[in-house]
Amino acid sequence: MTTIRTARDSRWGETFARLKAMTSEGRYEEVEAEARALAALPRRPWRRRPPHWEARVLATGAAVMHGRMAEALDELDALVAELEPVGLNSRMLRLIARSNRVVALSALRRYTEAETEANGVLRELNQIAHRAPVAALEINTLGHLAVVLCGLGRHEEAEAVARGNLPRAKGPAAGVLHTTLAHGLNGQGRYEEALAEVRRGTQPPPVTPAGTRTWSPPRPCTDWDAAPRRRTPYDGRWPTANGSCTRPIRAPARPAPCSPASPGRNRGVKPGE
């Protein structure tokens, strides 16, 4: 039985690795369809990590990624309610779903709710940082929070979040923070700096099924196999009990690894500047 169970786990791992690779290519509709098919498979009670929940989290994240925000938000609300944090794995999956919920709320311009949710996710990640690899999910959630702060018109805070976490962001995740930093600078009227940041952080946007290139919203986190754990700064500040973030801390000496994320929505620099 152990051999069979190990083989099944290995097969599921390969399947999810392939789906995550498809996600990085922008093939969101295909990923969602396949993930929903996996979630619909009969659930086996003897499995320690049934793929049902992973598949549902991946499917809802993909739905957010190709723009079905209102529909995905309803499903995310139900998923968060169903995923009881009884173990570390289910707790991490629930946090991923909540981080994806931040993206959906932000896209629907429900910024106050999105900020509250993002701060809640960050606080809980801080609580379990000694038990699980949280760096990838944390950097994604911080990127989402920076976008939310821009939406709330708090551009100086958005700049601080983006600038404070850029040193530890790599690849497309850095593109998200560069774009959000440019938006924050633009909102403060610092147009030349914003333009320079756009040029510094611009990456080719993903190719859609139609063959055109478009900017997408910040990619929800779907990687529960995150990088090795490191306690990292929230723009040099940690959320407080009331959801604000005021207490400064020192940044780590070395940048922590992060998971890939698509470029954020490029709101650009004010025309004519």
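Along each chain, the written sequence defines residue order, and numbers are assigned to residues from 1. Reporting of local features is limited, given that this is a predicted model, to residues whose pLDDT is at least 70; pairs of side-chain atoms are given and counted only at 80 or more, and all residues count toward the totals for whole chains, interfaces and linings. With hydrogens and water excluded, all non-hydrogen atoms of the structure serve as input to the side-chain values.

Novice: Explain the overall build of the protein residue by residue, including any values.
Specialist: Helix numbering and strand numbering both begin at the N terminus, where a helix is a DSSP run of H or I of at least 4 residues and a strand a DSSP run of E of at least 2. Along the backbone of the protein there are 10 helices and two strands. Traced from its N-terminal end to its C-terminal end, the protein shows the element sequence α-α-α-α-α-α-α-α-α-α-β-β. Expressed as a percentage of its 273 residues, the buried residues of the protein come to 52%. Note on exposure labels: buried denotes an accessible area under 20% of the residue type's maximum, exposed denotes more than 50%, and partly exposed covers the range between, all computed with a 1.4 Å probe on protein chains only.

Novice: Account for the packing of helix α2 (residues 28-39) against helix α3 (residues 51-65), naming residues and giving values.
Specialist: Comment: axis = line fitted to C-alpha atoms, over the contacting stretch for helices; angle = value between 0 and 180 degrees taken between N-to-C directions. Two elements in contact, α2 and α3, have axes separated by 8 Å at closest approach and are oriented at 155°. Classified by the angle between their axes, α2 and α3 sit roughly antiparallel to one another. Note on packing geometry: the crossing formed by α2 with α3 is left-handed. Across the interface between the two elements, Y28, V31, E32, A35, R36, L38 and A39 from α2 touch H52, A55, R56, L58, A59, A62, A63 and M65 from α3. Counted by class, the contact of α2 with α3 contains 11 nonpolar, one polar and three charged residues. Working rule for angles: under 35 degrees goes down as roughly parallel, over 145 as roughly antiparallel, 65 to 115 as roughly perpendicular, anything else as oblique. Crossing handedness: left-handed means the near helix sits turned counterclockwise from the far one by under a right angle, and right-handed means the same turn made clockwise. Residues count as neighbours in contact if any of their non-hydrogen atoms are within 4.5 Å of one another. In the scheme used here, Gly and all other residues not listed as nonpolar or charged are polar, with Ala, Val, Leu, Ile, Met, Phe, Trp, Tyr, Cys and Pro taken as nonpolar and Asp, Glu, Lys and Arg as charged.

Novice: Talk me through the side chain of H52; I want residue IDs and the actual numbers.
Specialist: Locating H52 in the fold gives a position in helix α3. Relative accessible area serves as the criterion here: at 13%, H52 is assigned to the buried category. Each polar contact in these results corresponds to two N or O atoms within 3.5 Å; when the atoms are within protein, one needs to be able to donate a hydrogen and the other to accept it, and residues that are neighboring in sequence are counted only if both atoms are side-chain atoms. In this structure the side chain of H52 is engaged in a polar contact, spanning 2.9 Å, whose partner is the backbone oxygen of A39.

Novice: Describe in detail unusual backbone geometry, supporting the description with residues and values.
Specialist: Here R109, not a glycine, exhibits a phi torsion of approximately 65°, which is positive. Within the secondary structure, R109 sits in the loop between α5 (88-107) and α6 (111-128).

Novice: Kindly report on the pattern of salt bridges, identifying the contributing residues and their values.
Specialist: The salt bridge criterion pairs a side-chain nitrogen of Lys or Arg with a carboxyl oxygen of Asp or Glu, the two atoms within 4 Å. On inspection of all chains with the given rule, the structure shows 21 salt bridges. As a salt-bridge pair, R36 and E32 come within 2.9 Å of each other at their nearest N and O atoms. Taken as a pair, R36 and E32 lie in helix α2 at a separation of four residues, close to a single helical turn. The network of salt bridges with shared partners includes D77, R91, R98, R101, E117 and E124.

Novice: Now, about helix α4 (residues 69-82): what can you tell me, with residues and values included?
Specialist: Multiplying 1.5 Å by the residue count of a helix minus one yields the expected span of that helix. Taking 1.5 Å of rise per residue, the 14 residues of α4 would be expected to cover 20 Å, and the 20 Å separating its terminal C-alpha atoms lies within 8% of that figure. All of the buried residues along α4 are M69, A72, L73, L76, L79 and V80. Looking straight down α4, one finds its buried side chains confined to an arc of 125°; they lie on one side. Set apart from the buried face of α4 by more than 90 degrees, the exposed residues are D74 and A81. In this description, the arc belongs to the directions extending from the helix axis to the C-beta atoms.

Novice: Let's hear about the environment of A39: which residues, and what values?
Specialist: As for its position among the elements, A39 is in helix α2. Residues A39 and H52 lie 13 residues apart in sequence; the distance between their C-alpha atoms is 4.5 Å. If near-sequence neighbours (up to four positions away) are discounted, A39 is found in contact with H52, A55 and R56.

No statement about biological role is implied by the geometric values presented.
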